[in-house]
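Structural description and commentary
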Amino acid sequence: MTARLNVNIDHVATIRQARRAPEPSVVAAALVCEQAGADGITIHLRGDRRHIQDADVYVLRQALTTYLNVELATTEEMIKVATQARPDAVSLVPESPNEITTEGGLDVRANFDAVRAAVEQLRAASVFVSIFIDPDGAQIAAARDAGAQQVELCTAAYAEATLGAAGLHGAGAERVAQELHRLREAAMLATQSGLQVAAGHGLTYRNVGAVAAIHEIHEFNIGHNIIARAVLVGLERAVTEMRAAIRRGAKTLTHERT
Ligand code: PXP
């Protein structure tokens, strides 16, 4: 089965906030993504509100017919928004004020009590809980013990290894293979631990295929590359192309296995 695709539309809000203007509308963008075959929409409500605003969470919650996944930090403020807005899913992510984007997975082990308390509150509000972690066995165990239903494996290290990788040989190709191996092992371990497995960060039309071939991964969260392509070819086509890239990757696996 091909993995689900949630399109992260934070960058649509980034453009809007650049002028504090009403356009572009995140709702309009989300509906186009849905029509183009996205299985859901992901947004990140950051503490600094640099793109998505609180009102967006509520309005998207009403407007979407597929699935709303909200990424947020494990803070009292954010858990309150989530338990009030009740999106389909929350992904707990680490957050630091000066980062350009999320830097690596949440250290669930180091923040275990706070994460477990947040998971409890979210699940009590009937919100599905995912935790964004590095592909690491100890973090998978901690996420499971904290009560999460899903882990989202951070693909940043893999994505970085693939940068400029067209025709990569030697050490570069070796690093890509190592990072893929880490993702594959982590996806298998998480599945064996009873967790659903998602993946995301830094994925592109070029590098998503090899990750889509890991059949334990049932969901992708992809933003930057889709919105960057949408600027040139339109959002509908950009989403359709990403769906196709994921499907091609999943088929590679089928061929390898038969
Ligand atoms: N998953 C998580 C947890 C993220 O924080 C992000 C970035 O907001 C993504 C996926 C999507 O990353 P990208 O924009 O690089 O596709």
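Residues numbered from 1 in each chain as written. Predicted model: local features only at pLDDT ≥ 70, side-chain atom pairs only at ≥ 80, totals over all residues. Heavy atoms only, no water.

1. Focus on the overall build of the chain
Across its full length, the chain carries eleven helices and eight strands. A globule of 258 residues ought to have a C-alpha radius of gyration of about 18 Å, and the chain, at 17 Å, matches this closely. Overall, the C-alpha framework of the chain stretches about 45 × 45 × 35 Å when taken along its three principal axes. Contacts in the chain between residues far apart in sequence, at least 24 positions, make up 66% of those at least 6 positions apart. Working note: accessible area of the chain is about 12,000 Å², and carbon and sulfur atoms make up 52% of it. Between the averaged position of the 25 positive side-chain charges in the chain and that of its 30 negative side-chain charges there is a distance of 4 Å. (Helix = DSSP H or I, 4+ residues; strand = E, 2+ residues; numbered from the N terminus. Rg over C-alpha atoms; globule rule 2.2 N^0.38 Å. Contact = heavy atoms within 4.5 Å. Areas by Shrake-Rupley, 256 points an atom, 1.4 Å probe, with all protein chains shown as cover. Lys, Arg positive; Asp, Glu negative; His and termini not counted. Charge placed at Lys NZ, Arg CZ, Asp CG, Glu CD.)

2. Regarding the pairing of strand β4 (residues 89–92)
Strand residues, when the strand is regular, have side chains that alternate between the two faces of the sheet. Side chains of β4 alternate between two faces, with A89 and S91 and V90 and L92 buried alike. Across four bridges, strand β3 (residues 68–72) lies against β4 in parallel orientation. By the bridge assignment, L72 is partnered in β4 with L92. Taking the sense of rotation as the criterion, the β-α-β connection linking β3, helix α4 (residues 76–85) and β4 turns out right-handed. Two elements, β4 and strand β5 (residues 128–133), share four bridges in a ladder whose sense is parallel. The partner of V90 across the bridge, within β5, is V129. Once the chain exits β4 it traverses helix α5 (residues 112–124) before rejoining the sheet at β5, and the crossover so formed is right-handed. (Buried < 20%, exposed > 50% of the residue type's maximum accessible area, 1.4 Å probe, protein only. Pairing = 2+ DSSP bridges. Right-handed = clockwise from strand over helix to strand, strands pointing away.)

3. Quick notes on the site of the ligand
Taken together, the neighbourhood of the ligand is formed by 14 residues, with T102, E152, G202, G223 and H224 sitting nearest. Residue E152 places a side-chain N or O atom 2.6 Å away from a nitrogen atom belonging to the ligand. Relative to its unbound accessible surface of 390 Å², the ligand loses 92% to contact with the protein. Residues of the shell around the ligand, tallied by class, amount to three nonpolar, nine polar and two charged. (Near = heavy atom within 4 Å. Polar contact = N/O pair within 3.5 Å; in protein donor to acceptor, adjacent residues only side chain to side chain. Nonpolar A, V, L, I, M, F, W, Y, C, P; charged D, E, K, R; others polar.)

4. Considerations on unusual backbone geometry
At the junction of E23 and P24, the peptide bond is cis and its omega measures out at -5° in the coordinates. Considering the arrangement of structural elements, one finds P24 in the loop between α1 (10–19) and α2 (26–35). Located in the positive-phi region is R20, a residue other than glycine, with phi close to 45°. Summarising the element assignment, R20 is placed in the loop between α1 and α2. Backbone geometry places R49, a non-glycine residue, at a positive phi of 50°. Looking at the secondary structure, you find R49 in the loop between β2 (40–44) and α3 (54–63).

5. Details of helix α10 (residues 224–233)
Along α10, the residues that are buried comprise N225, I226, I227 and A230. Just beyond α10, the residue with positive phi is G234, at close to 95°.

6. Topic: the sheet that holds β3
Taking strand neighbours around the barrel as the criterion, the eight strands line up as β1-β2-β3-β4-β5-β6-β7-β8 in a closed arrangement whose pairing is parallel. Taking each pair of neighbouring strands and ignoring which way they run, the sheet shows an average axis angle of 25°. (Axes fitted to C-alpha atoms, helices over the stretch in contact; angles between N-to-C directions.)

7. Considering the pairing of β3
When you tally the buried positions in β3, you get five out of five residues, the bulk of the element. Here β3 shows no split at all, with L68, V70 and L72 on one side and N69 and E71 on the other all buried. Across four bridges, β2 lies against β3 in parallel orientation. Note on β3: the bridge partner recorded for I41 is L68. On the question of chirality, the crossover connecting β2 to the parallel β3 by way of α3 is right-handed.

8. What about the nonpolar core?
Counting residues in hydrophobic clusters, the biggest one holds 77 residues, and the most contacted among them are I9, L92, I131, V211, F220 and I226. Residues within four places of I9 in sequence aside, it is in contact with V26, A30, C33, I41, T42, I43 and L60. (Core = buried A, V, L, I, M, F, W, Y, C linked by side-chain atoms within 4.5 Å.)

9. Section: the packing of α4 against α5
Across the interface, α4 lies against α5 with an axial gap of 9 Å and an inter-helix angle of 15°. With respect to α5, the axis of α4 lies roughly parallel. The chirality of how α4 crosses α5 is right-handed. Touching I79, A82 and T83 of α4 are A118, Q121 and L122, all from α5. Class assignment for the residues of the contact of α4 with α5 results in four nonpolar, two polar and no charged. (Parallel < 35°, antiparallel > 145°, perpendicular 65-115°, else oblique. Left-handed = near helix turned anticlockwise from the far one by under 90°.)

Honestly, that's just the spatial picture; any functional story needs more than this.
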